2 protein chains.
Amino acid sequence: MSNHELSIVFFLALAAILLACRLVGYLARFVGQPQVVGEMIAGVLIGPSLLGLIAPEAQAALFPKALMPVLYVVAQVGLVLYMFLVGLDFDVELLRTRARSAVTVSWAGILTPFALGAAIAWAVHGDTALFAEGVSIGEAALFMGAAMSITAFPMLARIIYERGLSGTSMGTLALAAGSADDAAAWCILAVVLASFSGQASIAVWAIGGGVAFGLFAFFVLRPLLARAGAWIEKREAYDSVALPGALMLLAAAAWYTDMVGIYAVFGAFVLGAAMPRGEIARRIEKQVQPLTVNLLLPLFFVYSGLNTRIGLVNSLALWGLALLVLLAATLGKGGACYAAARVSGEPPREALGIGALMNARGLMELIILNIGLERGVITPTLFSIMVIMAIVTTLTALPVFNLAFGRQVVGEAALARPAAAPGPLLDD
Amino acid sequence: MSNHELSIVFFLALAAILLACRLVGYLARFVGQPQVVGEMIAGVLIGPSLLGLIAPEAQAALFPKALMPVLYVVAQVGLVLYMFLVGLDFDVELLRTRARSAVTVSWAGILTPFALGAAIAWAVHGDTALFAEGVSIGEAALFMGAAMSITAFPMLARIIYERGLSGTSMGTLALAAGSADDAAAWCILAVVLASFSGQASIAVWAIGGGVAFGLFAFFVLRPLLARAGAWIEKREAYDSVALPGALMLLAAAAWYTDMVGIYAVFGAFVLGAAMPRGEIARRIEKQVQPLTVNLLLPLFFVYSGLNTRIGLVNSLALWGLALLVLLAATLGKGGACYAAARVSGEPPREALGIGALMNARGLMELIILNIGLERGVITPTLFSIMVIMAIVTTLTALPVFNLAFGRQVVGEAALARPAAAPGPLLDD
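Side note on the overall build of chain A
Next up, step 1: For chain A, the count of helices and strands is 18 helices and zero strands.
Next up, step 2: Principal axes of the C-alpha set define a box for chain A whose edges measure 60 × 55 × 50 Å.
Next up, step 3: Taking all 428 residues of chain A together, the buried fraction comes to 60%.
Next up, step 4: By sequence separation, contacts in chain A at least 24 residues apart represent 81% of the contacts at least 6 residues apart.

What about the relation of the copies chain B and chain A?
Next up, step 1: Each copy of the sequence occupies a distinct position, and chain B is placed on chain A by a rotation of 180° and an axial shift of 0.0 Å, giving an RMSD of 0.0 Å. Taken together, the turn and the small shift mark the pair as related by a two-fold rotation axis. Looking at the rotation axis and the C-alpha trace of chain B, the residue lying nearest is Val70 of chain B, at 2.7 Å.

A look at the interface of chain B and chain A
Next up, step 1: Opposite the 39 residues of chain B that make contact, chain A presents 39 residues.
Next up, step 2: Those elements giving two or more residues to the side of chain B that touches chain A turn out to be helix H1 (3-30), helix H5 (68-89), helix H12 (238-260) and helix H14 (279-307) of chain B.
Next up, step 3: Across the side of chain B that touches chain A, the residue classes break down as 29 nonpolar, six polar and four charged.

Considering unusual backbone geometry
Next up, step 1: The phi torsion at Glu236 of chain A lies on the positive side, around 55°, for a residue other than glycine.
Next up, step 2: Along the chain, the position of Glu236 of chain A falls in the loop between helix H11 (200-235) and helix H12 (238-260).

Here we look at helix H5 (residues 68-89) of chain A
Next up, step 1: For H5 of chain A, built from 22 residues, the straight-helix expectation of 32 Å at 1.5 Å per residue is met to within 8% by its first-to-last C-alpha distance of 31 Å.
Next up, step 2: In terms of burial, H5 of chain A is largely enclosed, as 21 of its 22 residues are buried.

Some thoughts on the environment of Val36 of chain A
Residues and elements named next belong to chain A.
Next up, step 1: With respect to the element layout, Val36 can be found in helix H2 (residues 35-46).
Next up, step 2: Residue classification places Val36 among the buried residues on the basis of 25 C-beta atoms within 10 Å.
Next up, step 3: C-alpha of Val36 to C-alpha of Met155: the two residues are 119 residues apart in sequence and 8.5 Å apart in space.

Some words on the packing of H5 of chain A against helix H13 (residues 264-274) of chain A
Residue and element names in this part refer to chain A.
Next up, step 1: Contact geometry for H5 and H13: axes closest at 6 Å, N-to-C directions at 30°. Compared by their axis directions, H5 and H13 come out roughly parallel. Both H5 and H13 take part in a crossing whose hand is right-handed. Contacts between H5 and H13 involve Gln76, Leu79, Val80, Met83, Phe84, Leu85, Val86, Gly87 and Leu88 from the first element and Ala264, Val265, Ala268, Phe269, Val270, Leu271, Gly272 and Ala273 from the second.
Next up, step 2: Here the contact of H5 with H13 is composed, by residue class, of 14 nonpolar, three polar and no charged.

Examining the environment of Trp122 of chain A
Residues and elements named next belong to chain A.
Next up, step 1: Topologically, Trp122 is positioned in helix H7 (residues 99-124).
Next up, step 2: Take Trp122: there are 14 C-beta atoms within 10 Å of it, and that puts it in the partly exposed class.
Next up, step 3: Taking the C-alpha atoms as reference, Trp122 lies 9.9 Å from Glu139; in sequence the two are 17 residues apart.
Next up, step 4: For Trp122, the residues in contact, after removing those within four places along its chain, are Ile137 and Ala141.

A word on the packing of helix H1 (residues 3-30) of chain A against H2 of chain A
All names here are of chain A.
Next up, step 1: Orientation of H1 relative to H2, taken along the N-to-C sense of each, is 130°, at an axis distance of 7 Å. As the angle between them shows, H1 and H2 are arranged oblique. Note on packing geometry: the crossing formed by H1 with H2 is right-handed. In this structure, H1 uses Ala16, Ile17, Ala20, Cys21, Val24, Gly25, Leu27, Ala28 and Arg29 to contact H2, whose residues at the interface are Gln35, Val37, Gly38, Glu39, Ile41, Ala42, Leu45 and Ile46.
Next up, step 2: Residue composition of the contact of H1 with H2, grouped by class: 12 nonpolar, three polar and two charged.

Points about the confidence of the model for chain A
All names here are of chain A.
Next up, step 1: Overall, the prediction assigns chain A a mean pLDDT of 86, with 92% of residues at 70 or greater.
Next up, step 2: Confidence, expressed as mean pLDDT per element, reaches its minimum in chain A at helix H6 (residues 92-97) with 68 and its maximum at helix H15 (residues 316-343) with 94.
Next up, step 3: Taken together, the stretch residues 412-427 has pLDDT below 50 and engages in 30 contacts with residues farther than four places along the chain or on a different chain.
Next up, step 4: Listed scores for the predicted complex are pTM 0.87 and ipTM 0.87.

Structural notes on H12 of chain B
Next up, step 1: In a regular helix each residue adds 1.5 Å, so 23 residues correspond to 33 Å; H12 of chain B covers 31 Å between its end C-alpha atoms and thus fits that length.
Next up, step 2: Immediately beyond the C-terminal end of H12 of chain B, within one or two residues, lies Gly261 of chain B, with a positive phi of roughly 105°.

Here is what the cut-offs are and how they apply
Residues numbered from 1 in each chain as written. Chains lettered and ligands numbered in written order. Predicted model: local features only at pLDDT ≥ 70, side-chain atom pairs only at ≥ 80, totals over all residues. Helix = DSSP H or I, 4+ residues; strand = E, 2+ residues; numbered from the N terminus. Buried ≥ 20, exposed ≤ 12 C-beta atoms within 10 Å, placed from the backbone. Contact = placed C-beta atoms within 7 Å. Least-squares fit on C-alpha atoms with pLDDT ≥ 70 in both. Nonpolar A, V, L, I, M, F, W, Y, C, P; charged D, E, K, R; others polar. Expected span 1.5 Å × (residues − 1). Axes fitted to C-alpha atoms, helices over the stretch in contact; angles between N-to-C directions. Parallel < 35°, antiparallel > 145°, perpendicular 65-115°, else oblique. Left-handed = near helix turned anticlockwise from the far one by under 90°. pLDDT = per-residue confidence, 0-100.

Written out as C-alpha cells, the structure reads:
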C-alpha cells in the first residue's frame, strides 16, 4: 500500500470511528452514562464482535491489516496525551488529608481483587485458550491480580467533582483512595511487565529504569520545571515556551519509559504529575484536551475493540468464567471498598457510593489489557472476557452511585471550581 | 517491527523533531523571521542534507524505513487540521472590497510565474534527473507553473494583521490578492493532479469530484452548517457538538477529496471555509490550533526535509538551474505583483511590501512539492531545488517588507482584533 493509499484508508477509518464513538456516546449520555462508556462499547461494536459478524467485507475494508500499525501508533499518541492530562490533574495533597481511612480503603481495594484475580489465574492457568503457552503461574497470577485491581480514577474524580462532593468527607476519601489505588495498580503493572521480560536483566532494567525515571521526575525535573514555570508566568510565555516545551518533554518521557519496557503511559502520567500547577497547568490542559479527547483517544478505544472478539467466548464454560471474573471483580473491588469504608466510619450510603465508584474499570483497564495482549500474556479469548468485565463494571458504576446519592448536585457544583475543574477531560 | 517497537521509534523521532523545530525556530525568531522559516529549515537539517551527511547511522536510527508510513499519515493529519484552520480564517468578503486592483495583482501574480515556470519546465523537460520518465511536456509545464505560482497566504495574512495594516488600502489589497492567488493555485494544482492520473476517466473523476465537492460544500453544507451553528450557539453546545462534529466532517472531507485524487488538504480547506463564522469558528480555532501547530504539523516539515537532498544538487549546471528557478520565482511573483500594484495606483513603498509578501512560498509550496514527488512527477533532485527556492523566498519576504515598512506596527495592533486575530495559527 502506498503512503497515499494508506492515508485514504486512514481518513475513512477515522471518520467511521468518530461517527461510531459519537453516536454510541450520545446514546450512553441519553441513558445517563458517561461518554467513556459509549466509546468503550462503540469500539467493540465496530470491531469483529458486531460489524465483523454482520458485514465482514465492510469491516475488513474499513480496517485493512496495513492500517493497524498506524492506528496503533496514533492511538498511543492519544493515550500518552491523555495520561499526561490525568497526571496534570493528579493531586498528591489529597492523599495526606484523609490518610488513614484512605489507606484502609485503598489497601482493601487492591489486596482483595488482587487475591481473587490471582486465585482465578491459578485455577485456569493450564488452559492455553486463556493464557499463552510459556506463561508461568506466577506471571499469570500477577497479571490477573493487577488487571482486577484497576480503578477508573479519572471517571471517579469527574463524578465526585460534578456532584459537588469534593469538599465532603466521602468525596475526599473516595478521591484519596482512588488516586492511591490508581498509582498502586500502575506500580504493580510495572512489576508485572518487568517480570514478563523473561531475562532477569531486562526486568532489572525495567524496574530500575522506571524507578530512576520516577526519582528523576520528582527530585530533579519537578524543581527545574517549577523554576521554568515561574519564568514562564513572569513573561507570559505560555504559548511560545510552556506548551511546546511540555510536548517535547512528553515525547521524550514516552520514548524513555516505552524503551525501558514499562510503557509510554507511565512516563506521560509521571511527567504530568511533575508539571508546575496553576496557570501553566490550566492552560496546557485547555490546549491539549480538545483534540486529545475528541480526535486521538477514540482511536485507542477502537484499537481495543478491534482486538475484542466476543464470539471467542463461545462455550458455557467460558461464559461461566466471564461471570466468575465479573463477580470476583465486583465483590473484590466494590464490595471490599464498601466494607473498608464502613469500617473507617462512613455511613452506609457514603460507603455504597465509594464502592460503586471504585469498582469502575474504564479506560485504565483497557490499557492494561492491551498491554497484556500485545505482550502475549493473555489470549484474545481471555482479553475478550476481561473487556466484558471492564464494560459491565464501568456501566454499573453510575447507576449504583445514583441509587445511593440521587442524580442531584450535593455541594458546590463543578462550575464553582474553575481553575482545576476536570471538565470533559476526565471522561474515563 | 512490532507495534510496540514502532511506537518506541516514533516517540524518539517525535522528540527529536520537536526539539529541532523549536531550536531552529527560536533562532529564526531571534533574527526576526517567522517560526515557519525555522521549521522549514529544521526539517532540511534533520534530514539527509545535514544530519544524514555528518551522522548517517544516527539519522537512519532516528528515522528507520518502517517509520515512514506512520510519519506520513500523522503528518497528513496535522496538515489536514492546519488547512482546516486556514479555511476557517479565509475571508471571502475581502475579495469583493477591492475587487479590481486585487484582480490585477492576483492575475499578475499567477500568470507571470506560471509562464516562467512552464518555460523552465519546457527547457529542461528532457532531463530525467529532474522529471520522471513518462512525464509529458504538458504535465511538466503545468506542475512547474503551479509550483511557481504559490503564495504563502497564511504568512502574508499574519504579517499584515500583526503590523496593523489590515484596514489600510495596501493591506486589503494584499489580503485580497493573496487569497485569490492561493485559491487559484490550488485549483491549478487540482487540474494538474487530475491530468497526472493518466487515464481520462480518472482525470474526469478528480475534476468532477472536486467541483462536486466544492459546490456541495457551499450550496448544501454551508447553509446546513449555518443552521446547525445557530442551534449550537443557542444551546452553547460548543464542546459537546461543534468540535466533535467538525472533526467528523473533517475526516470525511479529507477522505473524500483524497479518494477522488485531489488530496485531503483541499477538502480540509474547503470545509474550513464553509464553516459558520463567529463564536463557533473562534472556539474551534482555539481548540484545534495548539496541538496542530505544536505537535502534528512539525512532522510534515520533517517529512518534507527527509525527502530533500541538497547533496543531489551536485553540479554547476544544477546550481545554475536552482539560481534560475529562484530568479524566475522572485521576478515572476514578487516583481510582477509589484508592477501590478504600481499600475493599480499603489505608491512604490506599498507596492514593494505587496511584492515581498506575495513572493513568500512557505508551507504551501512544500505541500505541492511533496504531492509532485509522491506522484512521481518530479525527481528528488528537482524537489530539492524547489525546496531551496521555497526556503529562500520565504526567508527574504520579511526583511524586504521591513525595508519598505520598518518593523513597527502601523495601524491598530493585532491585539485590537481579538475575535478573528490569526495568532500563532497563521504561521506559514
